[in-house]
Structures are given as structure tokens and as C-alpha cells.
Amino acid sequence: MFKVCKFGGSSLADAAQVRKVCDIILADSARRIVVVSAPGKRHSNDIKVTDLLICCAAKALAGEDYQEVLQAIVVRYAEIAAELALPTTLVDEIAADLQRRVTGSRAHAGMFQDSMKAAGEDNSARLVAAAFKARGVVATYVDPKEAGMRLTNEFGNAQLLSDSYPLLESYLKKVDGIAVFPGFFGYTLAGEVATFPRGGSDITGAILAAAVKADVYENFTDVDSVYPVDPRIVPEVKKGIAVMTFREMRELAYAGFGVFHDEAVLPAVRAGIPINIRNTNHPEAPGTMLVVKRDYDCCAVVGIASDDGFVHLYIDKYLLNREVGLGRRLLQILESEKVSWEHMPTGIDNISVIIRGDAFDKDREERVLKRIHEELKPDNVLVERDHAIIMVVGEGMQYAVGMSARATRALADAGVNIEMLNQGASEISVMFGVRSADRIKAVRALYYAFFNS
Ligand code: ASP
């Protein structure tokens, strides 16, 4: 058994959290690679170390005084180190590292910012390795450059170069004891630091899990499991999702499901490595397993997600069904305005295109409508804002009878008008379009229809 474990910022926010991380790793000898984030928030008004680093970099680039912010960052590490009785030389090294980065070349802003941002994870990994050593455990800080974490030079949005996989695998196999790997960054072929997008330590963990072909990728955060519905909408939800498939996760994430960004864990998904989402503050909870295939007997539906701010663009034209090329011309108009469309349910004489509102501002709307009138000669065009999408997701639905009926009955009983229903394009979800004002009511009704028992 070989496990890669990733700990998010809240799991490393202070000394007590770092102790928990070490306890979790030591409780299972299969946990051999630890990926760490930078220290996160200790309480809701706190500032993440990464945000302090971004602020420090911005001040330095603007020629402003950054010493106070820099000092605040050193203090975050110093407090943790002091409480864990780690050698004081460690804090001196961290302070020197930050000083070296901030006084480095600022000729390329993105490069400079990434070098600063990466300091959060890099020093966090040095600190965690020292915390293991202080407990007499053999642990090694891994330098992503030496290990072969090679990235493109898209600073702040870097991607993995695929030849990293064999390099990482052979390097990590030789590491002494527990490998402590900093998340969030790697190096370009020219040797510069480059970071993934924000939250990118999840990506590092998924890459390492794929590289070493781990049996499981454990992603430790601060929730017991993924809930079948947003607890802000249904605060009384108690039971989390025990198992769901990657496809289900993707559909739920599309419609605003939190926990983590599905694209971040793509390397592990592609390699078919199960992902276990767990809670650092409650490690005995089994968490949620994400797998390639699950047993559908327990539950046809795994979750209900919803997202707001969609626009419906309706086009009516008599005999539209016989007109060749109208759909293509409509999409071309949207494409030339760089508008990405989300869904496109069609009728006999009508098409409606569903777009995210932030991608379709009023100016774009005006230009698109003008061209639709001129080029497509419709009978009627209508734009409606303030729509929401609700997804009922579950791979088991394709084998169960009466799922849509149950959903539509629940919405009818709650007095919600269904403006759009899309089933069939995906075998694993049913999508409802409703007015934004009805979203909460609709999600609650669907939750009780599928999870009440
Ligand atoms: N520390 C980085 C961030 O706050 C990366 C991470 O935590 O995953 O975005």
C-alpha cells in the first residue's frame, strides 16, 4: 500500500495543526509522501500566507515598503517553529530565503510574483520535515527542482510537462523516510519557479499520486466529507457522500460544488487513482471516496448542485427545423464575440442558448442581438437574465425508473416552475433551469425528494 497525502492551508495554519498532520502521517505506514500547502487562515479574519506573499510582491513591484508584510510572514513560521520547539536556525533560514526572493530580479513581474508565492509552500515543507525530525522520524524535504517537477513557463497558470512523471517517480522512490513535498509550484526548463493557479497544491498531490502510481490519494481538508447538497442551502444535511465516481464529481463541480476544483485532480483521475477526501481535524472519519466505478445499489443519486447567474437566449423562427445551417451561424455569432455557451436545448421552431451571465454583458448582448436580427431573420428573439441551473447527479439514475418523475413532482409541490429540463445529453444527470428566485426552494425540495429517507 502506498498513499500520497495532501494537506491544505487550514491543516498547516498553526503548530497544533502541524502536530495533527504529523500524527496522521505516522498513524499509517503507507502514508509515504506528504504534499503541503502554505499556512492558511487560523480564524475567519486571518490572512493566508500566500495572500501575504502576494501583497508583499505587489508592494515590491510598486516600489513601496514591503518590510512589514515580509516580517508578518516570518512571524507566522516563527510562531509555529517556536511552539514545536524546532531549531531557531530554521526560522533564520526562512527569513533569509524570503529576503533572497524579494530582492531578486523584478524584470519579469510574473516570474517575480511566482518566486514569492512559492515561498509559502516551500518553507512550509521545510518546517514540516523539521517537525518530523524533531519527533525522531526520518523525513526529507524534497526540492521540486531536483525531483523533476517541470512546468511550462505560464507564470501563475503553469502546466505540467509530461516528462516529469518518470523523473518524479524515480526520484521519490529513492527518498529517505517520509517525503515532504511543497505543493503549488515547480520549475520551468530554464530553471525559473512557476506556480499553478491558486489552490494548486491539489494539483501537485494529484501529479505525485499519478507519478508513483499510488493506491490512494488522500486529500486532507477541513470537512468530514463531501455533502450531497450545499450545507448553506440545507443546513440540516448530516450524512456525507461515502463514494462517488469521478464523472459524478465533475458534474457536481460544474454546478458550483465546492471542496475542490475537479480539474485540479485530473492527473489522479486520468491515472484511475482513487481520491479520498478527509478531515485533518477528524481523521477517524472515513471521508468521501472518489472512484472510477461504484456500486449503484445504495443510491442512484449522489448529489444536488446548483449555480446562479445564467442567461437564456431564445430564438424563434417558423420552420427552423428545415433550415440548414442556422445553428452553426448562431454559434458563429457567439464565437466571434468570444462567448462560450453552456447548453443548447432545441425545439421544432426554436433554439435556446444558455450562457453564463458574466460572459454576456450588456454590450455583447446588444451586438449579438443586432447580428441575430440581421443574419438569421428570426420571428422573435428574447434574452432573459437571472436564471439558475440545478443538477441532480447520479450514475445510478440510468438504471432506476421514475427518477425524473420524482424530481418534477417535488418541484411542482414546491411551486417551482421548470423553465428548462435537459436529460439525456448526460446519462448521469438531469438538469433543471429555474428562475434564480426559485433556486433555494428548488434545491431544498429536490434534496428532500432524494435524501429524506
Ligand atoms: N497556497 C496556495 C493558495 O493559497 C496553494 C494551495 O494552498 O493549494 O492558493
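Our subject is the structure listed above.
Read on for a plain summary of the structure. All values reported here derive from a predicted model rather than from experimental measurement.

## Regarding the nonpolar core
By size, the foremost hydrophobic cluster in this structure holds 52 residues, and its most contacted members are Val4, Leu168, Leu172, Phe181, Leu208 and Tyr217. For this core, the secondary structure elements donating two or more residues are strand 2 (31-36), helix 7 (164-173), strand 4 (178-182), helix 8 (201-211), helix 9 (246-254), strand 9 (275-279), strand 11 (303-316) and strand 14 (380-393). Among residues more than four places away in sequence, those in contact with Val4 are Ile33, Val35, Gly205, Leu208, Ala209, Val212, Ala214, Val216, Tyr217 and Glu218. Listed in part, the 49 residues of the second largest apolar core include Phe7, Ile25, Val36 and Phe220.

## Points about the site of the ligand
Taken together, Ser37, Lys48, Thr50, Glu121, Phe184, Arg198, Gly199, Gly200 and Ser201 form the complete shell of residues around the ligand. Measuring from a nitrogen atom of the ligand, one finds a side-chain N or O atom of Glu121 at 2.8 Å. Between Ser201 and the ligand, the recorded distance is 3.0 Å, taken from a backbone N or O atom to an oxygen atom. Here the ligand loses 94% of its free accessible area of 260 Å² to cover by the protein chains.

## Observations concerning the pattern of salt bridges
On inspection of all chains with the given rule, the structure shows 39 salt bridges. Its salt-bridge partner being Lys6, residue Asp202 comes within 3.0 Å of it at the nearest N-O pair. A residue pair is termed long-range when its members are at least 10 positions apart, and Asp202 in helix 8 and Lys6 in strand 1 (residues 3-7) qualify at 196 residues. In this structure Lys6 comes out as buried when scored by relative accessible area, which is 7%. Of the charged contacts, one joins Arg101 and Asp97 as a salt bridge, the two residues approaching to 2.9 Å between their closest N and O atoms. One end of the pair is Arg101 and the other is Asp97, both in helix 4 (residues 88-102) and four residues apart, which spans about a single turn. Of the two residues examined, Arg101 and Asp97, each falls in the buried class.

## Notes on helix 9
The periodicity of an α-helix, 3.6 residues per turn, causes residues three or four positions apart to be oriented the same way. With respect to burial, helix 9 is a largely interior element, seven of its nine residues being buried. Regarding helix 9, the residues found buried are Phe246, Glu248, Met249, Glu251, Leu252, Ala253 and Tyr254.

## As for empty space enclosed by the protein
In total, this model carries one cavity of 30 Å³ or more according to the counting rule given. Its boundaries defined by the atoms lining it, the largest cavity holds a volume of some 30 Å³. Lining of the largest cavity is provided by Leu12, Val18, Pro39, Tyr77, Ile80, Ser124, Leu127 and Val128. For the lining of the largest cavity, the secondary structure elements donating two or more residues are helix 3 (67-83) and helix 5 (109-134). In terms of residue count, the dominant contributor to the lining of the largest cavity is helix 5 (three residues). Each residue belonging to the lining of the largest cavity can be placed in one class, and the counts come to seven nonpolar, one polar and no charged.

## Quick notes on the packing of aromatic side chains
Scanning the model with the defined rule gives five aromatic pairs in all. Relative to Phe220, the ring of Phe7 has its centre 4.7 Å away and its plane inclined at 10 degrees; by these criteria the two rings are stacked. In this pair, Phe7 is assigned in strand 1 and Phe220 in strand 7 (residues 216-221), connecting sequence segments 213 residues apart. Linked through ring pairs, Tyr447, Tyr448 and Phe451 together constitute an aromatic cluster. The aromatic ring of Tyr141 is capped on one face by Arg126, whose charged end is 4.2 Å from the ring centroid.

## Structural notes on the environment of Asp28
Position of Asp28 among the secondary structure elements: in the loop between helix 1 (15-26) and strand 2. What makes Asp28 buried here is its relative accessible area of 18%. Along the sequence, Asp28 and Lys3 sit 25 residues apart, while their C-alpha atoms lie 9.2 Å from each other. Polar contacts involving the side chain of Asp28 include one to the side chain of Lys3, which spans 2.6 Å. At a separation of 2.9 Å, a polar atom in the side chain of Asp28 contacts the main-chain amide nitrogen of Ala30.

## Let's talk about the pairing of strand 7
For strand 7, the tally of buried residues reaches six of six residues, placing the bulk of the element in the interior. Here five bridges tie strand 1 to strand 7, and the two strands are oriented parallel to one another. Counterpart to Val4 in the pairing with strand 7 is Tyr217. Summarising the sheet, strand 7 and strand 9 pair through five bridges and their orientation is parallel. Looking at the pairing, Asn219 lines up with Ile277 of strand 9.

Parameters at a glance
Residues numbered from 1 in each chain as written. Predicted model: local features only at pLDDT ≥ 70, side-chain atom pairs only at ≥ 80, totals over all residues. Heavy atoms only, no water. Core = buried A, V, L, I, M, F, W, Y, C linked by side-chain atoms within 4.5 Å. Buried < 20%, exposed > 50% of the residue type's maximum accessible area, 1.4 Å probe, protein only. Helix = DSSP H or I, 4+ residues; strand = E, 2+ residues; numbered from the N terminus. Contact = heavy atoms within 4.5 Å. Near = heavy atom within 4 Å. Polar contact = N/O pair within 3.5 Å; in protein donor to acceptor, adjacent residues only side chain to side chain. Areas by Shrake-Rupley, 256 points an atom, 1.4 Å probe, with all protein chains shown as cover. Salt bridge = Lys/Arg side-chain N within 4 Å of Asp/Glu carboxyl O. 1 Å grid on protein atoms, 1.4 Å probe; cavity = no way out; pocket = protein on both sides within 12 Å on 5 of 7 lines; lining within 4 Å. Points joined across faces, edges and corners; volume = space filled by probe spheres on them. Nonpolar A, V, L, I, M, F, W, Y, C, P; charged D, E, K, R; others polar. Phe/Tyr/Trp six-rings, centres within 6.5 Å; stacked < 30°, edge-to-face > 60°. Lys NZ or Arg CZ within 6 Å of the ring centre and 35° of its normal. Pairing = 2+ DSSP bridges.

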